[in-house]
Amino acid sequence: DMGGHDTYMHKEIHEQADAVDRALRGRIDDRFSTVHLGGLNLDARDARAVRRVKILGCGTSYHAGQIGAQMIEELARIPADAEPASEFRYRNPVVDPDTLYIAVSQSGETYDVLAAVQELKRKGARVLGLVNVVGSAIARETDGGIYVHAGPEVCVVSTKCFTNMVVSFGLLALHLGRTRDLSVADGKRIIEGLRKLPGQIEEILANEAQIEELAKEYAEAKSMMFIGRVRGYPVAREASLKLKEVSYIHAEAYPASELKHGPLALIEPAMPTVAIVPDDELLEKNRAALEEIKARSGRILAVAHQEQEKADHTIVVPKNEDELDAILMGIPLQLFAYYTAKAMGRDIDKPRNLAKSVTVE
Ligand code: F6R
């Protein structure tokens, strides 16, 4: 039942405030400015013994893992990175006993992720799951983990589950941080930021009419560039994937800092750029990238916390804590992908050649 929506994608985008609320419910501990994650199976001593974090997933879940890795580094100061599970398992990786491995998956059935988990377990590693479907294969094979509680996701492309994965990583980063050096004051600040998310998601979705207009305009492009820097880069990658999947428009994502090392050659009026521009310590650097694009007559759509003078259009999103901004900045671009695909008459819930759960190699 689509409850008045024309597609599951549209319905699921609009379920995100409730979904995030569910991910937070019962987990926040105001007394100690931390969170409780019941199924984690990692006591404070274990948490303090972690020397590295390695996050594994595919597609959108891998992008959620990239944001998660940044949050864990920032809040818990543990070196962390994400890698596609498929790459990891084919390169005979060094499995390190002091590394905490985290497998991320909506379905909990993705074969490459499951196979990576099994290989890690065989080698004696500690593996946690960050999974949506309760009781799925990856949830069962891992030593513990976090359910992301996004609820059932029917559309082939992931939207609300991505958001809940990133929120769940925020919770984990806060939890790990508070067993280490994150202060009570910073813990409080992050909790306040997390609590603001559902309301801020509603604000973003209330801006739907503007996004629909912009999508119609940009739907004429043959190809689009997505750029971001540090926190904004995985957001750009995920937005680029979403656009490709549902509209079939070619898109690529680059770190804004890499533009001048090659992709700037592509910039011209027919190649629009979507730029993620958070109001953080990198704002001026990002503005400089917009200037470089403008100097080559590139069209720019910015997603930012305030109007960007160099951009042709800005979608303004509400500001949260710097460490949590990445959770919100991709949401308008889910709607952008949806409306672009709609303008082009695509089969939005079932894009050609794709399946909801990839249980083969
Ligand atoms: C993108 C998308 C895919 C999945 C990927 C992993 O919108 O849906 O890229 O994210 O196939 O699937 P899960 O999360 O079920 O392991």
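In the nomenclature of an unreviewed UniProt entry, the protein is known as Glutamine--fructose-6-phosphate aminotransferase [isomerizing] of Streptomyces hesseae. The Function (unreviewed entry) comment attached to the protein in UniProt states, word for word, "Catalyzes the first step in hexosamine metabolism, converting fructose-6P into glucosamine-6P using glutamine as a nitrogen source." We quote the UniProt Subcellular location (unreviewed entry) comment for the protein here in full: "Cytoplasm".

Trainee: Could you give me a rundown of the environment of Ile190, with the residues and numbers involved?
Mentor: By secondary structure assignment, the location of Ile190 is in helix H9 (residues 184-205). Sequence separation of Ile190 and Ala295 is 105 residues, and the distance between their C-alpha atoms is 38 Å. When near neighbours in sequence (up to four residues on either side) are disregarded, Ile190 contacts Leu75, Leu174, Glu321, Glu323 and Leu324.

Trainee: Please give an account of the sheet that holds strand S3 (residues 52-57) that cites residues and values.
Mentor: One key point about sheets: their strands pair by backbone hydrogen bonds, in either a parallel or an antiparallel sense. Pairing within the open sheet is parallel, and its 5 strands lie in the order S4-S3-S5-S6-S7. At either end of the open sheet lies a strand with only one pairing partner, and these are strand S4 (80-84) and strand S7 (144-147). Within the sheet, the average angular offset between the axes of one strand and its neighbour, ignoring direction, is 20°. By the bridge criterion, 5 bridges tie S3 to S4 in an arrangement that is parallel. By the bridge assignment for S4, Val53 is matched with Ala80.

Trainee: Kindly report on the site of the ligand, identifying the contributing residues and their values.
Mentor: Around the ligand, 13 residues are found, and the nearest of them are Ser61, Ser105, Gln106, Ser107 and Thr110. Here Gln106 contributes a backbone N or O atom positioned 2.6 Å from an oxygen atom of the ligand. Contact with the protein chains covers 90% of the free accessible surface of the ligand, which is 410 Å². Sorting elements by how many residues they give to the shell around the ligand places helix H4 (residues 59-76) first, with 3 residues. Looking at side-chain class alone, the shell around the ligand contains 3 nonpolar, 8 polar and 2 charged residues.

Trainee: Could you give an account of helix H12 (residues 283-295), with specific residues and numbers?
Mentor: The terminal C-alpha atoms of H12 lie 19 Å apart, and with 13 residues this matches the ideal 18 Å at 1.5 Å per residue to within 8%. Burial in H12 covers these residues: Leu283, Asn286, Ala289, Leu290 and Ile293. The buried residues of H12 occupy an angular sector of 120° when projected down its axis, which confines them to one face. Exposed residues on H12 whose side chains face more than 90 degrees from its buried face are Glu284, Lys285 and Ala295. The inward-facing, buried residues of H12 contact strand S8 (223-228), strand S10 (273-277) and strand S11 (300-304). Ser297 occupies a position one or two residues after H12 and carries a positive phi of about 60°.

Trainee: So what about the pairing of S3? Which residues, and what values?
Mentor: A large share of S3 lies buried, amounting to 5 of its 6 residues. Where S3 meets strand S5 (residues 99-105), 5 bridges bridge the pair, whose relative direction is parallel. Across the sheet, Lys54 pairs through a bridge with Tyr101, a residue of S5. Chirality of the crossover, the property in question, places the unit of S3, H4 and S4 among those that are right-handed.

Trainee: Give a description of the nonpolar core that names residues and reports values.
Mentor: The biggest cluster of nonpolar side chains holds 90 residues, and the ones touching the most others in it are Ile72 and Ile102. Examining the composition of this core, we find that 11 residues originate from one element, helix H8 (residues 160-179), more than from any other. Ignoring sequence-local partners within four residues, the contact set of Ile102 consists of Val53, Lys54, Ile55, Leu56, Ile72, Leu128, Leu130, Phe169 and Leu172. Residues Val277, Ala289, Leu290 and Ala304 belong to the second largest nonpolar core, which totals 17 residues.

Trainee: Please set out the packing of helix H10 (residues 208-218) against helix H14 (residues 331-343) residue by residue, giving values where relevant.
Mentor: In contact at an axis separation of 8 Å, H10 and H14 are set at 50° when each is read in the N-to-C sense. As the angle between them shows, H10 and H14 are arranged oblique. In this structure, the crossing between H10 and H14 has a hand that is right-handed. On the side of H10, the interface is formed by Glu208, Ile211, Glu212, Leu214, Ala215, Lys216 and Tyr218, while H14 contributes Pro332, Leu335, Phe336, Tyr339, Thr340 and Ala343.

Conventions used here
- Residues numbered from 1 in each chain as written.
- Predicted model: local features only at pLDDT ≥ 70, side-chain atom pairs only at ≥ 80, totals over all residues.
- Heavy atoms only, no water.
- UniProt positions renumbered as here; feature names shortened; annotations may be inferred.
- Helix = DSSP H or I, 4+ residues; strand = E, 2+ residues; numbered from the N terminus.
- Contact = heavy atoms within 4.5 Å.
- Pairing = 2+ DSSP bridges.
- Axes fitted to C-alpha atoms, helices over the stretch in contact; angles between N-to-C directions.
- Near = heavy atom within 4 Å.
- Polar contact = N/O pair within 3.5 Å; in protein donor to acceptor, adjacent residues only side chain to side chain.
- Areas by Shrake-Rupley, 256 points an atom, 1.4 Å probe, with all protein chains shown as cover.
- Nonpolar A, V, L, I, M, F, W, Y, C, P; charged D, E, K, R; others polar.
- Expected span 1.5 Å × (residues − 1).
- Buried < 20%, exposed > 50% of the residue type's maximum accessible area, 1.4 Å probe, protein only.
- Arc of directions from axis to C-beta.
- Right-handed = clockwise from strand over helix to strand, strands pointing away.
- Core = buried A, V, L, I, M, F, W, Y, C linked by side-chain atoms within 4.5 Å.
- Parallel < 35°, antiparallel > 145°, perpendicular 65-115°, else oblique.
- Left-handed = near helix turned anticlockwise from the far one by under 90°.

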